[in-house]
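Structural characterization, general
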Amino acid sequence: MNNIKVIAFDADDTLWINETYFRDAENEFAKLLSGYETENKIHQELYKKEIDNLKIYGYGVKGFVLSMVECALELSNYKINQKIIDRIIEIGKEMLEQPIDLLNGVEEVLQKLQGKYKLIVATKGDLLDQERKLEKSGILKYFHHTEVMSDKKEIDYLKLIKHLDVNPSELLMIGNSLKSDVLPLVAVGASAIHVPFHTTWAHEEVSCEQESNSYKTISEITEVLTFL
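Okay, so let's go over this structure. (Residues numbered from 1 in each chain as written. Predicted model: local features only at pLDDT ≥ 70, side-chain atom pairs only at ≥ 80, totals over all residues. Heavy atoms only, no water.)

It is worth spelling out the sheet that holds strand β6 (residues 216–217) at this point. On the basis of which strands lie adjacent, the open sheet formed by six strands has the order β3-β2-β1-β4-β5-β6 and parallel pairing. Of all the strands in the sheet, just β3 (145–149) and β6 have a single pairing partner and so form its edges. Alignment of strand β5 (residues 191–194) against β6, held across two bridges, turns out to be parallel. Across the sheet, His 194 pairs through a bridge with Thr 217, a residue of β6. Against the sheet, helix α5 (residues 106–113) engages β1 (6–9) and β2 (118–124), with an angle of about 165° to β1. (Pairing = 2+ DSSP bridges. Helix = DSSP H or I, 4+ residues; strand = E, 2+ residues; numbered from the N terminus. Contact = heavy atoms within 4.5 Å. Axes fitted to C-alpha atoms, helices over the stretch in contact; angles between N-to-C directions.)

Here is the structure:
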């Protein structure tokens with residue numbers, strides 16, 4: 001990694017806790033709808049609805065809330081109590097207002113890398129929400145700029161690399177998702193470090209066949225300092 005000039009960090013579940021709030025919301029949603037279906041079935045139907053809606057709403061809390069509302073209407077055969085819809089909307093607002101809980105070692109790593117590399121955030125999701133979280137996090141000062149991407153596929157990273165005006169080999173991505181933060185980077189010739197989070201959204205999981213030995217996996221983000 002001697003050639004690295006730019007280090008990109010994923011945001012959610014790499015810099016701060018995020019997926020935990022989605023899981024809590026899903027569990028409450030399943031309890032709210034338990035009069036219409038089993039909780040397991042509700043989880044399955046909500047996930048299907050989220051995936052179907054990705055191409056319309058994209059990633060983030062707002063799309064998630066709309067998917068919950070649609071799912072509630074369909075599972076109840078459009079007989080859902082208005083108070084439940086109100087509560088679903090409140091769940092979304094509570095998610096958007098959650099405090100930012102930085103993961104262990106994040107600020108230490110940023111402090112030590114700042115000035116040695118160009119540091120950026122490369123994340124996906126709702127632009128307003130991600131900007132809000134960065135502002136509240138207290139770590140915005142460490143980053144040269146932020147890229148909120150509609151998706152994180154190879155073509156998206158190639159656009160980012162072109163925008164950064166660097167060679168692929170000069171970019172290192174650090175993130176918790178093999179599917180979004182690691183494998184696409186490896187495919188375009190960049191470097192990647194995988195920092196798993198204890199909870200992973202099913203949509204971000206990959207099969208063993210997709211895994212590779214062309215990236216590094218660490219247990220704590222502070223371990224990146226041993227490679228740089």
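Next comes the rest of the account.
Let us look at the pairing of β5. Pairing analysis gives four bridges linking strand β4 (residues 171–175) to β5, with the strands arranged parallel. Pairing of Gly 175 across the sheet is with His 194, part of β5.

What describes two packed helices is the angle between their axes and the distance between those same axes. Running from amino to carboxyl end, helix α1 (residues 19–32) crosses helix α2 (residues 39–57) at an angle of 120°, the nearest separation of the two axes being 9 Å. The angle between α1 and α2 falls in the class oblique. Judged by the sense of rotation from one axis to the other, the crossing of α1 with α2 is right-handed. Note on element contacts: α2 touches α1 through Glu 39, Ile 42, His 43, Leu 46 and Glu 50, opposite Glu 26, Asn 27, Phe 29, Ala 30 and Lys 31. In terms of residue class, the contact of α1 with α2 is made up of four nonpolar, two polar and four charged. (Parallel < 35°, antiparallel > 145°, perpendicular 65-115°, else oblique. Left-handed = near helix turned anticlockwise from the far one by under 90°. Nonpolar A, V, L, I, M, F, W, Y, C, P; charged D, E, K, R; others polar.)

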